[in-house]
There are 2 protein chains.
Amino acid sequence: MAATLKEVAKHAGVSTSAVSRTFTPGASVSDKMRRRVEKAARELGYSPNLLARSLTTRRTKLIGLVSNNFHNPIFLQVFDLFTRGLQARGLRPLLVNLSDETDPESSIRMLRQYSVDGVIVASSTLLPGFAKAFRDAGVPVVHSFGRYSSSPEIHVVGIDNVECGRMAARELVNRGYKKVGFLGGPDTATSTQDRFTGFKEEINLHPEIDFKYSFSAAYSFDAGRDEMTRLLERSPQEAYFCGDDILSIGALTALKLANLSAPQDIGIIGLNDMEMARWENIDLTTIRQPVNEIINSSIELITAMLDDPERYPESRLFPCRVIERGTLRPLV
Amino acid sequence: MAATLKEVAKHAGVSTSAVSRTFTPGASVSDKMRRRVEKAARELGYSPNLLARSLTTRRTKLIGLVSNNFHNPIFLQVFDLFTRGLQARGLRPLLVNLSDETDPESSIRMLRQYSVDGVIVASSTLLPGFAKAFRDAGVPVVHSFGRYSSSPEIHVVGIDNVECGRMAARELVNRGYKKVGFLGGPDTATSTQDRFTGFKEEINLHPEIDFKYSFSAAYSFDAGRDEMTRLLERSPQEAYFCGDDILSIGALTALKLANLSAPQDIGIIGLNDMEMARWENIDLTTIRQPVNEIINSSIELITAMLDDPERYPESRLFPCRVIERGTLRPLV
DNA sequence: TTAATTTTTGCAACCGGTTGCAAAAATTAA
DNA sequence: TTAATTTTTGCAACCGGTTGCAAAAATTAA
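Criteria and cut-off values
- Residues numbered from 1 in each chain as written.
- Chains lettered and ligands numbered in written order.
- Predicted model: local features only at pLDDT ≥ 70, side-chain atom pairs only at ≥ 80, totals over all residues.
- Helix = DSSP H or I, 4+ residues; strand = E, 2+ residues; numbered from the N terminus.
- Rg over C-alpha atoms; globule rule 2.2 N^0.38 Å.
- Buried ≥ 20, exposed ≤ 12 C-beta atoms within 10 Å, placed from the backbone.
- Least-squares fit on C-alpha atoms with pLDDT ≥ 70 in both.
- Contact = placed C-beta atoms within 7 Å.
- Near = placed C-beta within 6 Å.
- Nonpolar A, V, L, I, M, F, W, Y, C, P; charged D, E, K, R; others polar.
- Pairing = 2+ DSSP bridges.
- Axes fitted to C-alpha atoms, helices over the stretch in contact; angles between N-to-C directions.
- Expected span 1.5 Å × (residues − 1).
- Left-handed = near helix turned anticlockwise from the far one by under 90°.
- Domains from an automatic or database assignment.
- Right-handed = clockwise from strand over helix to strand, strands pointing away.

Chemist: Help me understand the overall build of chain A, please; the structure alone is not making it clear to me.
Modeler: Within chain A, the regular secondary structure consists of 12 helices and 12 strands. Here the C-alpha radius of gyration of chain A, 25 Å, is well above what a compact globule of 332 residues would show, namely 20 Å. With the C-alpha coordinates of chain A rotated into their principal frame, the extents come out at 85 × 40 × 35 Å. Buried positions account for 49% of the 332 residues belonging to chain A.

Chemist: Is there a simple way to explain the relation of the copies chain B and chain A in this structure?
Modeler: Each of the two chain copies goes to the other by way of a rotation about an axis and a shift along it. The transformation that overlays chain B on chain A combines an axial shift of 0.1 Å with a rotation of 180 degrees, and the residual RMSD is 0.1 Å. Here the symmetry operator amounts to a two-fold rotation axis. Of the C-alpha atoms belonging to chain B, the one lying closest to the rotation axis is found on B:Leu94, 2.3 Å away. Of all interface residues in chain B, 100% are interface residues in chain A too; the two copies therefore contact each other through one and the same surface.

Chemist: Any chance you could explain the protein's contact with DNA strand D here in plain terms?
Modeler: Looking at DNA strand D, there are 27 residues lining it, with A:Met33, A:Leu55, B:Leu5, B:Ser20 and B:Asn49 nearest. Secondary-structure elements contributing two or more residues to the surface near DNA strand D are helix H2 (16–22), helix H3 (31–44) and helix H4 (50–57) of chain A together with helix H2 (16–22) and helix H4 (50–57) of chain B. For the surface near DNA strand D, the leading source of residues is H4(B), giving five residues. Of the residues that constitute the surface near DNA strand D, the class distribution is 10 nonpolar, 14 polar and three charged.

Chemist: Mind showing me how you'd approach the interface of chain B and chain A here?
Modeler: It is common to report an interface's size as the accessible area lost on association of the parts. Counting residues at the interface gives 41 residues for chain B and 41 residues for chain A. Listed by contribution, the elements that provide at least two residues to the side of chain B that touches chain A are H4, helix H5 (74–88), strand S2 (92–97), helix H6 (104–113) and helix H11 (245–257) of chain B. By residue number, the principal contributor to the side of chain B that touches chain A is H5(B), which donates seven residues. Of the residues contributing to the side of chain B that touches chain A, the split by class is 20 nonpolar, 13 polar and eight charged.

Chemist: Would you explain the sheet that holds strand S10 (residues 286–288) of chain B in this entry?
Modeler: Consider a sheet: its strands pair through backbone hydrogen bonds, and that pairing is either parallel or antiparallel. Residue and element names in this part refer to chain B. Within the open sheet, the six strands sit side by side as S7-S6-S8-S9-S10-S12. Their pairing is mixed. The open sheet has two edge strands, strand S7 (210–215) and strand S12 (321–323), and neither has a second partner. Taking the axes of each pair of neighbouring strands and ignoring which way they run, one obtains an average angle of 25 degrees across the sheet. By the bridge criterion, three bridges tie strand S8 (residues 239–242) to strand S9 (residues 267–272) in an arrangement that is parallel. The partner of tyrosine 240 across the bridge, within S9, is isoleucine 268. Packing of helix H8 (residues 161–174) onto the sheet brings it into contact with strand S6 (179–184), S8, S9, S10 and S12, and relative to S9 it is tilted by some 155 degrees. Against the sheet, H11 touches S6, S8, S9 and S10, its axis set at about 155 degrees to S9.

Chemist: Mind showing me how you'd approach helix H9 (residues 190–203) of chain A here?
Modeler: Think of an α-helix as 3.6 residues a turn; residues three or four steps apart then line up on the same face. For H9(A), which comprises 14 residues, the first-to-last C-alpha distance of 20 Å matches the rise-based estimate of 20 Å (1.5 Å per residue) to within 8%. Turning to H9(A), the residues buried within the fold contact helix H8 (161–174), strand S6 (179–184), strand S7 (210–215) and strand S8 (239–242) of chain A.

Chemist: What's the story with the packing of H5(B) against helix H12 (residues 291–307) of chain B in this structure? I'm lost.
Modeler: Packed helices, taken two at a time, are described by the angle their axes make and the gap between the axes. Residue and element names in this part refer to chain B. Orientation of H5 relative to H12, taken along the N-to-C sense of each, is 40 degrees, at an axis distance of 10 Å. Crossing angle aside, the handedness with which H5 passes H12 is right-handed. Counting all contacts with H5, which are made through Gln77, Val78, Leu81, Phe82, Gly85 and Leu86, the residues of H12 involved are Val291, Asn292, Ile295, Asn296 and Ile299. Class assignment of the residues belonging to the contact of H5 with H12 gives a composition of seven nonpolar, four polar and no charged.

Chemist: Explain the protein's contact with DNA strand C here, please?
Modeler: Around DNA strand C sit 27 residues, and of these A:Leu5, A:Ser20, A:Asn49, B:Met33 and B:Leu55 come closest. A per-element tally of the surface near DNA strand C places H4(A) first, with five residues. Of the residues belonging to the surface near DNA strand C, the class tally is 10 nonpolar, 14 polar and three charged.

Chemist: Could you clarify how one ought to interpret the domain arrangement of chain A in this entry?
Modeler: Parsing chain A into structural domains produces domain 1 (5–48), domain 2 (62–159 + 291–318) and domain 3 (161–289). Relative placement of domain 1 of chain A and domain 2 of chain A: their C-alpha centres are 36 Å apart.

Chemist: Before we go on, may I ask you to explain the sheet that holds S8(A) in this structure?
Modeler: Residues and elements named next belong to chain A. Spatially, the six strands line up as an open sheet ordered S7-S6-S8-S9-S10-S12, and their pairing is mixed. Each end of this open sheet is capped by a strand with a single partner; those strands are S7 and strand S12 (321–323). Across the sheet, the axes of successive neighbouring strands diverge by a mean angle of 25 degrees, strand direction being ignored. Sheet topology note: the S6/S7 ladder contains six bridges and is parallel. Its bridge partner being in S7, lysine 179 is matched across the sheet by aspartate 210. Sheet strands in contact with H8 are S6, S8, strand S9 (267–272), strand S10 (286–288) and S12, and its direction is about 155 degrees off that of S9. Relative to the sheet, H9 contacts S6, S7 and S8, its axis offset from that of S6 by approximately 170 degrees.

Chemist: What exactly am I supposed to notice about unusual backbone geometry here?
Modeler: Peptide bonds are trans in most cases, and residues, glycine excluded, mostly fall at negative phi. All names here are of chain A. In this structure, the amide linkage connecting alanine 262 to the following residue, proline 263, adopts the cis form with an omega of 0 degrees. On the secondary structure map, proline 263 appears in the loop between helix H11 (245–257) and S9. Here the phi dihedral of phenylalanine 145 falls at roughly 65 degrees; this positive angle occurs in a residue that is not glycine. Along the polypeptide, phenylalanine 145 turns up in the loop between strand S4 (141–144) and strand S5 (155–159). Residues other than glycine seldom take positive phi values, yet asparagine 259 does so here, at roughly 60 degrees.

Chemist: Looking at this structure, I do not really get the environment of A:Arg112. What am I missing?
Modeler: Residue and element names in this part refer to chain A. Looking at the secondary structure, you find arginine 112 in helix H6 (residues 104–113). Classification of arginine 112 by C-beta neighbours within 10 Å gives buried; the count is 21. The spatial distance from the C-alpha of arginine 112 to the C-alpha of tyrosine 312 is 22 Å, given a sequence separation of 200 residues.

Chemist: Quick question: what am I supposed to make of the pairing of S8(A) here?
Modeler: Residues and elements named next belong to chain A. Residues of S8 alternate between two faces, with Ala239 and Phe241 on one and Tyr240 and Cys242 on the opposite face, all of them buried. Sheet analysis places S6 next to S8, joined by four bridges and oriented parallel. Its bridge partner being in S8, phenylalanine 182 is matched across the sheet by phenylalanine 241. With respect to chirality, the unit in which S8 leads through H11 into the neighbouring parallel S9 is right-handed.

Laid out in structure tokens, this is it:
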């Protein structure tokens, strides 16, 4: 169906090299030749087969976009920004859903079989083995939303979750809460662990404050609602730092179901500042994670690694900040 | 870095054909040869380059997954199900974000350059030219969530939006609403047009009922909230069929901001039954679109087209049904 | 045992491109 | 004008695989 380079060459009465060079930026072709080839190509509706080209250039412009999180609404925005950013640079995302996957090897094999130029792992809850296994396979890899200190050998772009934990704690302290809680995501996620560490550290600077904590089953609405419901059955704290926004929204709903509300009865602060957080029916005070910047930086980094695969690994951390809305009481 | 077939052949002391056959299901190889090759392959960590293979087999197992909707949360579920379903069949989604794209040609050229085996267009708001342009390029294409009658030449899997409109209307009529409204999505979307047609048709069977309609700027929270806010400034109807769930949630929020609520003051029925609709803080009565079935069917259809590209085009429609929750008053 | 048949294997051409090298053409210098 | 230099072009080998065909090997039949 589609015309091949050979057909274009024949139709234009030139060598295949000439056609190839016409479609290779920077190659040596005279204007006359270029016009001649372009005319033939146009007439035949030719455009080069990128997969065949990749055999000799060793560049597919395919980037594996790997995630295990297809439930948290923030990831729709993540996919949107990644696909647009990659497309704008002429790269193509091969989307890999790791949700069902237990064995990293098979995903890695698959991505190598497709000769992806690089891999972006977009996940904060990924098992530590995954990202490393990709790197060991010799494929450039960037871990977006990953833990910055987890391994000095792999590129990470994300936030300082420990500092976010501290930030949340300071926010609660500054607002005069005396009994505070940490309602975390799953305790297996490094993001949860780091946020917990920072939060606890900062709270411990204030011995007069009563501190409790628990973890929920997932970063999900249901998990947040269920955990908060459980907490309300005992004697709840005055305010909670929830693992992320979606947990926060679940927790807020649990309050509502118990005829309580934030910030009147219990204060809530989340993390992410996903789009829904600003919806007036939610109006969540939260810590903003600069998703846009993290994604752009991840793309820049993977692009740089395409040119220099041996590039020295780095961590890129972006500062977060509190977005004040309506679920914490005012500063005292 | 990665071992090639030639290296495996040399290492095993056999021809390249033998190696190739070992990795080609159904090819003629003796057990002895197979074991020998597999051993060599294992020792060299070889797995075949799918892109090189595709040159002769003319199958890349790449499927273009094209969408222009990266904002409606329902699409996260859509991407999740598509990627899992495709992966389970050994196919790989090349994700294409059409949000910035005005010209279908360039996306089509790109997908052809990557020799995708087929294209799934997942969108209800796609400009009509897009899906057709893909098909004209000779690539198997399935339009998921598309309009079933728009063109008999292209495969469509979706719902009967006209019937959904009727269904929503019947639901409002049966609950005794006398003044009803259609708060649609953008009127350029075929889904909006069809839902409107059905809704109006059914309402017109009841001349005693007062009917008004308007369209919002997008299928989005903000658009729903803004449009409902606007409606509340005049004299609103007693109940509205909103274009989809995300518009409904926006509309419900507008009610709340005006100190009104559903169903006490105004009734709301949505369409989609996205995950959020069942959240207790939303509790939206809506029409369930069987997303899972639509996606599985789309994948089956594209798979079938890979074997028979000339397959006669068909429309697959799945019935919807009302999910009663808390935003319409009870049946009279 | 040998002949006929079936299965396995390797050769060589091919899929659709790129690229180093040398020859040819065009340009510049003398 | 001719010689020297630069630019353009085509040849042929290559990227990593598959596959039709014929020869070789293994199996079955006589």
